[in-house]
Amino acid sequence: MSGLNPEQVPVLRCGFRFQWEPAQDCHVLLYPEGMIKLNGSAGAILAEVDGVRSVAAIVAGLRERFPEAEGIEADILEFLEVARERFWIELR
């Protein structure tokens, strides 16, 4: 389903910063040319991207945090794929 290697570690690309933005009442991804407003799910996933945890560790942590969310693993992997395609993150 996903082309991601579970052992790879996602990191924000150089120039991007993830933060809570009170004025927007949501998490955002800031970059030199602008800002991306994130929905709750995207914010929860990117909050786990710390440059240390692997894709597998992020999935396991969110699955534990949200046990009632069916299909959460596929959703996380899909989001990380999109984030990589949009050059928000890199995988190491």
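Residues numbered from 1 in each chain as written. Predicted model: local features only at pLDDT ≥ 70, side-chain atom pairs only at ≥ 80, totals over all residues. Heavy atoms only, no water.

A. Broad picture of the side chain of Ser-54. By secondary structure assignment, the location of Ser-54 is in the loop between helix H1 (40-47) and helix H2 (55-65). At 3.1 Å, the side chain of Ser-54 and the backbone nitrogen of Ala-57 are in polar contact. Apart from residues no more than four positions distant in its own chain, Ser-54 is found in contact with Pro-6, Glu-7, Gln-8, Val-9 and Pro-10. (Helix = DSSP H or I, 4+ residues; strand = E, 2+ residues; numbered from the N terminus. Polar contact = N/O pair within 3.5 Å; in protein donor to acceptor, adjacent residues only side chain to side chain. Contact = heavy atoms within 4.5 Å.)

B. Fine view of the environment of Lys-37. By secondary structure assignment, the location of Lys-37 is in strand E4 (residues 34-37). With a relative accessible area of 51%, Lys-37 lands in the exposed category. Once the C-alpha coordinates of Lys-37 and Ser-54 are considered, the two residues, 17 residues apart in sequence, prove to be 24 Å apart. In this structure Lys-37 touches Gln-24, Cys-26, His-27 and Val-28, once residues within four positions along its chain are discounted. (Buried < 20%, exposed > 50% of the residue type's maximum accessible area, 1.4 Å probe, protein only.)

C. Representation of the packing of aromatic side chains within the structure. A full pass over the atoms with the stated rule returns 2 aromatic pairs. Aromatic side chains Phe-79 and Trp-88 sit 6.3 Å apart centroid to centroid with 50° between the ring planes, which places their arrangement in the tilted category. An identical accessibility class is assigned to Phe-79 and Trp-88; each is buried. (Phe/Tyr/Trp six-rings, centres within 6.5 Å; stacked < 30°, edge-to-face > 60°.)

D. Local environment of the pattern of salt bridges. For the structure on display, the rule yields 7 salt bridges. A salt bridge links Arg-63 to Glu-73; the nearest nitrogen and oxygen atoms lie 3.4 Å apart. Taken together, the positions of Arg-63 in helix H2 and Glu-73 in helix H3 (residues 72-85) put the pair 10 residues apart, joining distant regions of the chain. Take Glu-73: its relative accessible area is 39%, and that puts it in the partly exposed class. One connected set of salt bridges, linked through shared partners, spans Glu-48, Asp-50, Arg-53 and Arg-65. (Salt bridge = Lys/Arg side-chain N within 4 Å of Asp/Glu carboxyl O.)

E. Structural view of the packing of H2 against H3. Where H2 meets H3, the axes come as close as 10 Å, and the angle between the chain directions of the two elements is 135°. Between H2 and H3, the interaxial angle falls into the category oblique. Note on packing geometry: the crossing formed by H2 with H3 is right-handed. Facing H2, whose interface residues are Val-55, Ile-58, Val-59, Leu-62 and Arg-63, H3 presents Ile-72, Glu-73, Ile-76, Leu-77 and Leu-80. Here the contact of H2 with H3 is built from residues that sort into 8 nonpolar, no polar and 2 charged. (Axes fitted to C-alpha atoms, helices over the stretch in contact; angles between N-to-C directions. Parallel < 35°, antiparallel > 145°, perpendicular 65-115°, else oblique. Left-handed = near helix turned anticlockwise from the far one by under 90°. Nonpolar A, V, L, I, M, F, W, Y, C, P; charged D, E, K, R; others polar.)

F. How the structure looks around unusual backbone geometry. Its identity as a non-glycine residue notwithstanding, Asp-25 has a phi of 55°, on the positive side. Within the secondary structure, Asp-25 is located in the loop between strand E2 (17-21) and strand E3 (26-31). Owing to a relative accessible area of 59%, Asp-25 belongs among the exposed residues under this scheme. The phi angle at Phe-87 is positive, at roughly 65°, despite the residue not being glycine. Among the secondary structure elements, Phe-87 is positioned in the loop between H3 and strand E5 (89-91). Overall, Phe-87 belongs to the exposed group, its relative accessible area being 53%.

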